[in-house]
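Overview (structure and organization)
Spelled out from the first residue to the last, the chains are:
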Amino acid sequence: MALLEGRVQEQLLQLQAWVEKTAWGEAYQSFRELLDSASLDQLRLLQPTLRGLVDQFHKRKRRDLTELLDQRLEPPAPIECAALLVAWQNHLDGLRDKHIFQWNTFYRERMNYILQDAYRRLHDAPERAEVIDGLKLLFARHSTDIYTRGYAHACGRGLAIEVVHAKSIHGLRQFLYLLMALLAEHRNVIRKAHDAALSWDLISMMIVGVLQGYADASFDDVPGAALLAQDLTSWLPALGFVRGSEALELLASHPGLFDEPLRTVVPALLAVQHQTSRVMGDQYVLPRLSRVGINVPRLDLIYSIDGVNVPRDLLVCCYYNGTVDDTRLLDDSLALRAALTMATLDKPVREWVDKQGHEQVIDASATRPEASDIESLAELAAVPLGAYLAIQPGTIDASRIVTNHARDFPLDEPQSREQLTVERYSVRKVFQDLQRGIGVFVWCSVRRSGKTTAARRLAEMGPETQVIYQTMDHQPAALDQNIFERRVSQALTAGKMVEPHFFESIVAECQQAHTRLAPAKKQVFLLDEYESLFGLLLHLGNRDPLIRYVVAQPLLSQMLAFSQKNVLIFMGQRPDAHAIFLAQNQLTPNVREHSFPLFSHEHAAEGAEFNQFLRNVLSPRLPFTAPFADAVYQETNGHPYLTVNLMTDFCDWLIVKQAHYPGEGLQAHTYKDFARECLTVGRLARSPHYGLFQNMLAEYLGEQCCHDTPWLYAITGIVRDIAQAHPQKLRCTAMAYRGIAAKYTLATNIMPDRLLAQAKFANFLREHGGQVLLGIPLMGRLAASVMPRIN
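Scope of this entry: the structure provided in the associated data block. (Residues numbered from 1 in each chain as written. Predicted model: local features only at pLDDT ≥ 70, side-chain atom pairs only at ≥ 80, totals over all residues. Heavy atoms only, no water.)

**What to know about the overall build of the protein**
Heads up, the rule is: The secondary structure listing takes helices from DSSP runs of H or I that are at least 4 residues long and strands from runs of E that are at least 2 residues long, numbered from the N terminus. In this description the radius of gyration comes from C-alpha coordinates, and the expected globular size is given by 2.2 Å times residues to the power 0.38. Only protein chains enter the accessibility calculation, which uses a 1.4 Å probe; a residue whose area is less than 20% of its type maximum is buried, one above 50% is exposed, and one in between is partly exposed.
Assigned secondary structure in the protein consists of 36 helices and 15 strands. Computed over its C-alpha atoms, the radius of gyration of the protein comes to 28 Å, within 12% of the 28 Å expected for a compact globule of 791 residues. Dimensions of the protein, computed from the C-alpha atoms along their principal axes, are close to 75 × 70 × 60 Å. The proportion of buried residues among the 791 residues of the protein is 58%.

Put into structure tokens, the structure is as follows:
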């Protein structure tokens, strides 16, 4: 099965950019180059996208490109419903047999292909309902098959049954969140209610099929449905992307297991389905985000209302577990202005709700988990939803920005973020280059650059390599990612000579925990937060020389030996953390530095990584123009965490300015007005939006950091000094840089030119045209605004 290469994806983004700019000559040439370079399997995967682009060309070029594409694809004759389902079944069978559980590579591309193929073929087909029902059955059978196989394999490895169940549910969540993310990616082809309804129907049936197949599976004596009932939070958000009628059928088929969600979540879904089915024409509604509260058993469902002059969000809150016996539990949903809140209320709370006149709060305490009662409650829930949808978009209240949409982005909620994942083709391209060879690399970048998220998505088995992800950061919810950390800690505690194949045995154990099979392949061992490993070895080795000679140095030598036949990648922020015990360290001289790419924005195409990410952050409520995206990118250079911080600050500024939703998207001049007012040193020093980086940079500039990690102290100091000396341009000449860096040479014992090279690898600095630029301008402004931490 083919997997899109980073090179092909870059060509596609370039083509989309030319089409958007209506540069038809360049677009025509770019299209032909893509046809020549992509393999047949890759073209088949891209066929729906390419045909959509062809339709935008003028008549003659459209005819020529269609003929060329048809010649490459050798398209089959139109097929019947049964044949179409068989074709999709073949894709699913290929995943099961060759790429099982490889969610972020083969599964993502095959699911995207099936979604786009179904959307294209069924858009005006009278057999639409029949095919979609068949699609649900395909996914149900596939789900039962793969999770049963995965369970049997895990049990065969002798893992504790609790661990096996946890891994199984985790795999289910990955499949569900992949499908949810696909709908977000598919939004750019939707223009009307009919398009939205078909897309929603397809994703809904896929999700229900996966859940139904898992529920029907049997894991020894435990039904899959029972495992689902024990861990609602892992899969309940997926119901936010499911049609209410399908959710009712799914949960009601397992009596007694899902009574609470049946009483609160399902009536809300039915009410949403009923009211949104009335939306017609250019206006449409789609699920945007679905998440479980961190400390409250509440499911928040966020739907976007698009295609109108003033796009809006529709928020529905469902308390899905237990009785609400304290009015304070309703505070969040009321403060968030939820259009509908479903909950099982006790008598005092119900009386308080009635007294306060909160008509949008619907009590489910008298509802039985039976279809007739649930449908009756859904009719009541539809009333406040209808009132919300009836708000005229032309009124002042509707058109003025009163919500900070960027703050809604789940920045610190990893599970919810998976619904808004952007496929990092730039990372995949670099990673493919690394894994083609052998050796040891350090892959570094500024904190919160998306390294961990990207690395976890890379940790799957490719056709010729097997990628193993481990982290030195403790992960209580994913202990299989801490195998290396635990084994090293045990060796350090024991204080005895490690075995000759100690590192290889850890790799084998990790391999067994991560993969279904253990074929003889080249291995790629990815170690995240690698500074913790070398810091631990250095500290304990200095305190007890025996540790240095019986654990630390043998481990470094074994890592080097592994890298001579495989690939070893250290991931972190500092490129020099591995440089310990240099008198006898054989590993460090062989380490090659490699920069981790931030979100790419080379061509500002619709599908470019940064454009997709920015669209997720601002939500469909705040569309933007290409110049606006360019201006934001110039400030953050594609750093995801700081981009969210910046847009949160920007949205607050819009609210204070009593701005209205832009009819044609946010403009670059609006961002420049904000930057001129809010990105000054004094304003940033008082801003509440950049707390993490302000504290981090203050620590890096402090006395303790100068002693403990002089490299970070020096690089951060250089970034600050450039920003202070050149607050407008945030750049300086190479000669001026050497003058700034010279005063940090004593602290690091590294010459300015070498410091610059390392800072470029870690995205702290850039170099262009004989000038040194801040790698992330916003981070330089923040460094200039903080006071160093004094110990």
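**Concerning helix 5 (residues 81-98)**
Basically, it comes down to this: Here the expected span of a helix is defined as 1.5 Å times the quantity of residues minus one. Contact definition: two residues touch when any of their heavy atoms are within 4.5 Å.
Relative to the 26 Å expected for 18 residues at 1.5 Å per residue, helix 5 spans 26 Å between its end C-alpha atoms, a close match to the ideal helical length. Among all positions in helix 5, only Cys-81, Leu-84, Leu-85, Trp-88, Gln-89, Leu-92, Gly-94, Leu-95 and Arg-96 are buried. Buried residues along helix 5 sit against helix 6 (103-122) and helix 7 (128-156).

**Overview of unusual backbone geometry**
Even without a glycine there, the phi angle at Thr-22 is positive, about 55 degrees. Looking at the secondary structure, you find Thr-22 in the loop between helix 1 (6-20) and helix 2 (24-37).

**Brief notes about the side chain of Thr-648**
Position of Thr-648 among the secondary structure elements: in helix 27 (residues 640-656). Setting aside residues no more than four positions away along its own chain, Thr-648 makes contact with Asn-404, Ala-406, Arg-407 and His-689.

**Here's the deal with helix 30 (residues 691-700)**
Taken residue by residue, helix 30 has Phe-693, Gln-694, Met-696, Leu-697, Ala-698 and Tyr-700 as its buried positions. Turning to helix 30, the residues buried within the fold contact helix 27, helix 29 (681-686), helix 31 (703-708), helix 32 (710-725) and helix 36 (777-785).

**Observations concerning the pattern of salt bridges**
Side-chain pairing between opposite charges can occur once the charged atoms of the two side chains come close. Heads up, the condition is: The term salt bridge refers to a side-chain nitrogen of Lys or Arg lying within 4 Å of a carboxyl oxygen of Asp or Glu.
Scanning the entire structure with this criterion turns up 35 salt bridges. Between Arg-96 and Asp-145 there is a salt bridge whose closest N-O contact spans 3.1 Å. Here Arg-96, found in helix 5, pairs with Asp-145, found in helix 7; they are 49 residues apart in sequence, far enough to count as distant. Classification of Arg-96 as buried rests on a relative accessible area of 17%.

**Here we look at the sheet that holds strand 10 (residues 522-528)**
Our working rule: Any two strands with at least two DSSP-identified bridges between them are counted as paired. Axes here refer to lines fitted to C-alpha atoms; in helices the fit is confined to the stretch in contact. Angles between the N-to-C directions go from 0 to 180 degrees.
Judged by pairing direction, the sheet is parallel, and its 5 strands sit side by side in the order 9-10-11-8-12 without closing on themselves. Looking along the sheet, the strands with just one partner apiece sit at the ends: strand 9 (465-471) and strand 12 (591-595). Within the sheet, the average angular offset between the axes of one strand and its neighbour, ignoring direction, is 20 degrees. By the bridge criterion, 6 bridges tie strand 8 (residues 439-444) to strand 11 (residues 567-572) in an arrangement that is parallel. The residue bridging Val-442 from the neighbouring strand is Phe-570, located in strand 11. In the packing of helix 23 (residues 530-543) onto the sheet, contacts are made with strand 8, strand 10 and strand 11, and the angle to strand 11 comes to roughly 90 degrees.

**Brief notes about the nonpolar core**
Put simply, the test is: By nonpolar core is meant a set of buried Ala, Val, Leu, Ile, Met, Phe, Trp, Tyr and Cys residues that side-chain atoms within 4.5 Å join together.
Judged by nonpolar contacts, the single largest core of 103 residues is most densely connected at Met-111, Leu-172, Phe-175, Ile-207, Trp-235, Leu-239 and Val-316. The greatest single-element share of this core, amounting to 14 residues, is contributed by helix 9 (residues 193-216). Val-446, Leu-642, Phe-674 and Leu-774 belong to the second-largest nonpolar core, a separate cluster that totals 83 residues.

**A look at the environment of Tyr-469**
Convention followed: Counted as a polar contact is a pair of N or O atoms within 3.5 Å, where, for protein atoms, one must be capable of donating a hydrogen and the other of accepting one, and residues adjacent in sequence contribute only when both atoms are in side chains.
Looking at where Tyr-469 falls in the secondary structure, it is placed in strand 9. Sequence separation between Tyr-469 and Gln-481 is 12 residues, and the spatial gap between their C-alpha atoms is 6.6 Å. Within the structure, Tyr-469 has its side chain in polar contact with the side chain of Asp-528 (distance 2.9 Å).

**Digging into the packing of helix 26 (residues 626-636) against helix 36**
Here is the rule: Here is the rule for angles: anything less than 35 degrees is roughly parallel, anything more than 145 is roughly antiparallel, 65 through 115 is roughly perpendicular, and the remaining ranges are oblique. Under the scheme applied here, ten amino acids are nonpolar (Ala, Val, Leu, Ile, Met, Phe, Trp, Tyr, Cys and Pro), four are charged (Asp, Glu, Lys and Arg), and all others, including Gly, are polar.
Where helix 26 contacts helix 36, the two axes come as close as 4 Å, and the packing angle between them is 50 degrees. One finds that helix 26 runs oblique with respect to helix 36. Contacts between helix 26 and helix 36 pair Gln-634, Glu-635 and Thr-636 from the former with Pro-777, Leu-778 and Arg-781 from the latter. Looking at the contact of helix 26 with helix 36 residue by residue, the class counts come to 2 nonpolar, 2 polar and 2 charged.

**Focus on the pairing of strand 15 (residues 771-774)**
Taken together, the 3 bridges between strand 13 (residues 731-733) and strand 15 define a ladder with antiparallel strand orientation. Paired with Arg-731 across the strands is Leu-773, a residue of strand 15. Both strand 14 (residues 765-768) and strand 15 contribute to a ladder of 4 bridges, which runs antiparallel. Counterpart to Leu-765 in the pairing with strand 15 is Leu-774. Hairpin connection between strand 14 and strand 15: a loop of 2 residues separates the two successive antiparallel strands, and Gly-769 in this loop has a positive phi of roughly 60 degrees.

**Description of the packing of aromatic side chains**
Counted only if it meets this: Aromatic rings from Phe, Tyr and Trp, with only the six-membered ring used for Trp, were paired whenever their centres fell within 6.5 Å, and each pair was classed as stacked if the ring planes differed by under 30 degrees, edge-to-face if by over 60, and tilted otherwise. Any Lys NZ or Arg CZ that is within 6 Å of a ring centre and within 35 degrees of that ring's normal is treated as a charge sitting over the ring.
Using the criterion set out here, one finds 36 aromatic pairs in the structure. Chaining the aromatic ring pairs together yields one cluster made of Phe-101, Trp-103, Tyr-107, Phe-139, Tyr-147, Tyr-151, Phe-175, Tyr-214 and Phe-219. Sitting over the face of the ring of Tyr-28, Lys-61 holds its NZ or CZ atom 5.6 Å from the ring centroid. Taking the ring centre of Tyr-177 as reference, the NZ or CZ of Arg-173 above it sits at 5.7 Å.

**Topic: the sheet that holds strand 15**
The sheet built from 3 strands is open, its strands ordered 13-15-14 with antiparallel pairing. For this open sheet the edge positions go to strand 13 and strand 14, each flanked by a neighbour on one side alone. Each neighbouring strand pair of the sheet contributes to a mean axis angle of 25 degrees, computed without reference to strand direction. Sitting on the sheet, helix 32 touches strand 13, strand 14 and strand 15, and the angle it makes with strand 15 is about 100 degrees. Together, strand 13, strand 14 and strand 15 form the strand contacts of helix 33 (residues 734-742), whose direction differs from that of strand 13 by roughly 100 degrees.

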